[in-house]
Amino acid sequence: MPAMNMERRCILLVAPVAFALANWLPSDVAAADLQEAKVTQVVQDVKVVPAGAAARTVTVNETVRQGNAVQTGAQSRSELTFRDQTITRLGEKTIYTVGGGREIELGSGQFLLYVPKKAGGAKVKMGPVTAAITGTTVVGNVSPSGVVEFTVLEGTARVRLDRVGQCLLVVAGQKVTYDPIAMRLEDPVEVDIQQQLNSPLVTGFRQLPSTPYINVAIENQRRAAAGTGGAELARAVSASGAPSIDAATPEQFMAAFSSLLVRYPQAEICDFVATAVRLRPDLADRIVVAAVTTGRPVRGYSKDYKQPVGKEMPCDWVQCIVDAAIAVVPRMANEIINAVITAAPMLRECIGEPCYPANQFVPPYIIAPINPANFVPPPVSPEQPPTTTNRD
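Residues numbered from 1 in each chain as written. Predicted model: local features only at pLDDT ≥ 70, side-chain atom pairs only at ≥ 80, totals over all residues. Heavy atoms only, no water.

Asker: Which residues make up the overall build of the protein chain, and what values go with them?
Answerer: Helix and strand counts for the protein chain stand at ten helices and 18 strands. For the protein chain, with 392 residues in total, the buried portion stands at 50%. Residue pairs in contact within the protein chain that sit at least 24 positions apart in sequence constitute 59% of those at least 6 positions apart. Accessible surface, the protein chain: about 18800 Å² in total, of which carbon and sulfur atoms supply 55%. (Helix = DSSP H or I, 4+ residues; strand = E, 2+ residues; numbered from the N terminus. Buried < 20%, exposed > 50% of the residue type's maximum accessible area, 1.4 Å probe, protein only. Contact = heavy atoms within 4.5 Å. Areas by Shrake-Rupley, 256 points an atom, 1.4 Å probe, with all protein chains shown as cover.)

And the structure:
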């Protein structure tokens, strides 16, 4: 299978912008949405383990509350649906605990998690690994050996290994693996989303509400593999008089990009941005600014950023564009984020929780010990000569 967006790995830079997970929790009501769930499907051996009580068989339509664990046996599956329509599906031999606030915990086994757009996001704890997602469909597995695999089917996720400060942005069609021997997250790798849909966590249940988004992600992978977006850009650049994309001036390339951008369906813009950035990484910041402003009202403001307007740009769309570009050139994360905020300050709230600009550990702050060889004693006043400690 052709390589698909192999450079789409990334990590967001800590920019001079105040972002926090609190942005995901708009109210106490939203925070409570993941504190209990209704069991909406049971296949064979599924049990609930209430806090401090013995395990018992669970039934469809039963409510599982915070602190309770759900266990599935061999060749068994289950589905839980929360009040905000977040869906969690459990594969065989899986242990899952309903957490507090908007956090869920997977002890071991396989899972699929769907969080609706604008539902407030969620955090998934998988042993030492935590994934933060908003409006996303993901699948994962925690093996008995401690290996954690996490794949994004649509949307994006920020996967953290908090104890060493490692953080990765994972986009649709990518998988990240935690290696318990190396004790680090490996670089994201490309996966075929269509093949992921053969999982029993998809085929053995009702159709996911996010199926249209997953289909768009599959189509974007197909277009990327075929180089469709690149071919369109090459033709547009040639029409501007430039001999090639590499030889085009910034103005020629941006004119060609903008001419295609206004005709692209919104669902395909993020992938088109990734293609453009891959072809001209030196223009990544300008490409992103054009994508979030050209021909569309900016959130809360008119095109000239001065007059308020009734229609707002969805934050998840802005985040998707920014993530798509940074996934290609993580070294330019700071420039991309700053360019967007400079061009449209009202979009500051749309940029998600940052990661670091490379797949590396955060350097720890270490207080270096004093080297006696480099120590210079303070000057002594001639009126008070130093005393000796020799008592012989």
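Asker: For the packing of helix α6 (residues 250-261) against helix α7 (residues 266-279), give the residues involved together with the corresponding values.
Answerer: Packing of α6 against α7 brings their axes to within 12 Å, and their N-to-C directions diverge by 165°. The pairing of α6 with α7 is recorded here as roughly antiparallel in orientation. Crossing handedness for the pair α6 and α7: right-handed. Within the contact between the two elements, α6 uses F253, F257, L260 and L261 and α7 uses I269, F272, V273 and A276. (Axes fitted to C-alpha atoms, helices over the stretch in contact; angles between N-to-C directions. Parallel < 35°, antiparallel > 145°, perpendicular 65-115°, else oblique. Left-handed = near helix turned anticlockwise from the far one by under 90°.)

Asker: So what's going on with the pattern of salt bridges? Which residues, and what values?
Answerer: Inspection of the entire model under this criterion finds 13 salt bridges. We note a salt bridge from E62 to R56, for which the minimum N-O separation is 2.6 Å. Of the residues examined, R56 reaches a relative accessible area of 39% and is grouped as partly exposed. Among the ionic pairs, E232 bridges to R223, the shortest N-O distance being 3.7 Å. Among the charged side chains, a salt-bridge network with shared partners connects E79, R89 and R206. (Salt bridge = Lys/Arg side-chain N within 4 Å of Asp/Glu carboxyl O.)

Asker: Account for the pairing of strand β13 (residues 148-154), with residues named and values stated.
Answerer: Counting buried residues along β13, six of its seven residues qualify, which places the element largely inside the surrounding structure. Note: strand β12 (residues 137-142) against β13, six bridges, orientation antiparallel. Of the residues in β13, the one forming a bridge with G140 is F150. Between β12 and the antiparallel strand that follows it, β13, lie five residues; G146 among them carries a positive phi value of about 100°. Of the pairings in the sheet, the one linking β13 to strand β16 (residues 174-179) comprises five bridges and is antiparallel in character. Paired with V148 across the bridge in β16 is Y178. (Pairing = 2+ DSSP bridges.)

Asker: If you had to explain the environment of R77 to someone new, which residues and values would you point to?
Answerer: Inspection of the secondary structure assignment puts R77 in strand β6 (residues 77-82). Once you skip the residues sitting within four places of it in the chain, R77 turns out to touch Q41, V42, V43, V46, T72, L90, G91, P200, G204 and F205.

Asker: An account of the nonpolar core is requested, with residue identities and associated values reported.
Answerer: Of all hydrophobic cores here, the largest spans 52 residues; its most connected members are F111, M126 and F150. Element by element, the count of residues in this core is highest for strand β9 (residues 103-114), at six residues. Contact partners of F150, with chain neighbours within four places excluded, come to F111, M126, A131, I133, V138, V139, G140, A157, V159, Q174, K175 and V176. In this structure, F272, A274, M346 and C350 belong to the second largest nonpolar core, which totals 50 residues. (Core = buried A, V, L, I, M, F, W, Y, C linked by side-chain atoms within 4.5 Å.)

Asker: If you had to explain helix α8 (residues 284-293) to someone new, which residues and values would you point to?
Answerer: Buried residues dominate α8, accounting for eight of its ten residues. For α8, the complete set of buried residues consists of A284, I287, V288, V289, A290, A291, V292 and T293. For α8, the elements touching its buried residues are α6, α7, α9 (315-328) and α10 (333-343).

Asker: Requested: an account of the state of the cysteines, with residues and values cited.
Answerer: One pass over the structure, following the stated rule, counts one disulfide. In this model, C270 is linked to C320 through a disulfide, with the two sulfur atoms separated by 2.0 Å. Remark: C320 occurs in helix α9 and C270 occurs in helix α7; sequence separation between them is 50 residues. (Disulfide = S-S within 2.5 Å.)

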